[in-house]
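# Structural overview
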Amino acid sequence: MQKNREKRTWRELAACLVSDRKEDILNKRETRGNMPDGKGTRGWKIAGVLFLAGAIVCTAVACAGKETQSRAEDEYDKLAEQTGGTAAAPEPEEASVEAEQEPEATEEPPEEKDPAALLKEMGIPVPEKAVDFTDLQENTSEDIYAWIYIPDTKIDYPVLQHPTDNTYYLNYNLDGSRGYPGCIYTEDYNAKDFSDPVTVLYGHNMKNGTMFAGLHRYSDSEYMEEHPYVYVYTEEGLLVYEIFAAHEYSDAHILYAHDYTEEGEFTGYLDEIRNARNMGNVLREDVEVAAGDRILTLSTCISSKPNNRFLVQGVLLNGE
């Protein structure tokens, strides 16, 4: 009996020792697991620093881009304010008063009428706007050669053409800084006197509604009727276009697509415009356009369709 008790005692003691040993081992493992790993910690620290640095750089670039855009838009606002821009309604004709004595007939050629007076006779309002091209070219950019204005819209900008790089003003602002919003510009395929059968002006579709973003509003026929005219100021005088179409177009280069000096091709192009009947396209049937007319095309992007363009087109009402 005594020997059996001693055996149980030693067995119980051994079991306790084994149990305590296991508990110590487990506690040590748990303690090591909770202790920071030097290599792992350094790796996370490096990753965190790199992430933070990347975030700072991205934020700085974004802020710089916003600052460039804001500065460029402020410059446009200042220039537009300097030129004025309210449309004056045509004045009623005054009753003529007969002179007591009729003047003797002369062989002198008839006096040329003021272009603004001719527009008023046609019932077209003439904006009270003055553009000083000498000042713009000397103090802003020598590439400015025209000014586009559509009353009661944000489209009120100088028009530029770079002498060597046709896409320069797609990416650069008036002050030479790179970034949005860029400029309203033409390519050197077009003459600066707007004498070509088709002249194309390009501008960005800005999210804040500036530059040529407002062209998309012409997909509403009522808006087109309320804003029918585009005014283009040049050093030679004022050109007025009446808008007759607003429609989507492919990204094909308009000036490459046809030889507009050929009457047949010009007529074919007009047929393309008339047949563009997609949703959002608007065509005014009451505005006459024929071969021999001069067309102004305003082109901008479509945010949801990067491979398409939105065009607003007008026909010249005055000018030889």
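Residues numbered from 1 in each chain as written. Predicted model: local features only at pLDDT ≥ 70, side-chain atom pairs only at ≥ 80, totals over all residues. Heavy atoms only, no water.

What follows concerns the overall build of the protein. Regarding its fold elements, the protein presents eight helices and eleven strands. Across the 320 residues in the protein, those meeting the buried criterion constitute 36%. A separation threshold of at least 6 residues defines the contact pool for the protein, and within that pool the share at least 24 residues apart is 65%. About 20,500 Å² of surface is accessible on the protein, with carbon and sulfur atoms providing 51% of the total. (Helix = DSSP H or I, 4+ residues; strand = E, 2+ residues; numbered from the N terminus. Buried < 20%, exposed > 50% of the residue type's maximum accessible area, 1.4 Å probe, protein only. Contact = heavy atoms within 4.5 Å. Areas by Shrake-Rupley, 256 points an atom, 1.4 Å probe, with all protein chains shown as cover.)

Applying the stated criterion across every chain yields a total of seven salt bridges. Note that Asp156 and Lys129 form a salt bridge whose closest N and O atoms lie 2.8 Å from each other. One end of the pair, Asp156, is in strand S4 (residues 156-160); the other, Lys129, is in strand S2 (residues 126-129), with 27 residues separating them in the sequence. Judged by its relative accessible area of 11%, Asp156 is buried. (Salt bridge = Lys/Arg side-chain N within 4 Å of Asp/Glu carboxyl O.)

Of all residues in the protein, 74% attain a pLDDT of 70 or more, and the chain-wide mean is 83. In the predicted structure, residues 1-7 sits below a pLDDT of 50 and forms zero contacts with residues beyond four places in sequence or in another chain. Note on residues 88-100: pLDDT under 50 across the span, and ten contacts to partners over four residues away in sequence or across chains. (pLDDT = per-residue confidence, 0-100.)

Moving on, we get to the nonpolar core. Ile148, Phe194, Leu201, Val230, Phe244 and Leu298 are the most contacted members of the largest nonpolar core, which has 71 residues in total. Broken down by element, the residue count for this core peaks at nine residues, all from strand S8 (residues 238-250). When near neighbours in sequence (up to four residues on either side) are disregarded, Leu201 contacts Ile148, Val159, Ile184, Tyr185, Thr186, Phe194, Phe212, Leu296, Thr297, Leu298 and Ser299. (Core = buried A, V, L, I, M, F, W, Y, C linked by side-chain atoms within 4.5 Å.)

With that settled, consider the packing of aromatic side chains. This structure, assessed with the given rule, holds ten aromatic pairs. An angle of 70° between the planes, with centres 5.1 Å apart, marks the rings of Tyr260 and Tyr269 as edge-to-face. If you follow Lys129 out to its NZ or CZ, it ends over the ring of Tyr149, 4.5 Å from the centre. (Phe/Tyr/Trp six-rings, centres within 6.5 Å; stacked < 30°, edge-to-face > 60°. Lys NZ or Arg CZ within 6 Å of the ring centre and 35° of its normal.)

Along strand S7 (residues 229-234), six of the six residues are buried, which leaves the element largely enclosed by surrounding structure. Residue alternation in S7 divides its side chains into two sets, Tyr229, Tyr231 and Tyr233 and Val230, Val232 and Thr234, and both sets are buried. Pairing geometry for strand S3 (residues 144-149) and S7, over four bridges, is antiparallel. Residue pairing across strands places Ile148 opposite Val232, the latter belonging to S7. Relative to S8, S7 runs antiparallel, the two sharing five bridges. Residue pairing in the sheet places Val232 in a bridge with Leu239 of S8. The antiparallel pairing of S7 with S8 creates a hairpin that spans three residues between the two strands, and Gly237 there sits at a positive phi of about 155°. (Pairing = 2+ DSSP bridges.)

Following the sequence through the fold, Gln82 ends up in helix H2 (residues 38-83). For Gln82, a relative accessible area of 51% gives the class exposed. Distance in space between the C-alpha atoms of Gln82 and Ala130 is 8.3 Å, their sequence separation being 48 residues.

The amide bond that connects Tyr180 to the next residue, Pro181, takes the cis arrangement and shows omega of 10°. On the secondary structure map, Pro181 appears in the loop between helix H5 (168-171) and strand S5 (184-185). The backbone of Phe194 shows a phi angle near 60°, a positive value even though the residue is not glycine. Along the polypeptide, Phe194 turns up in the loop between S5 and strand S6 (198-202).

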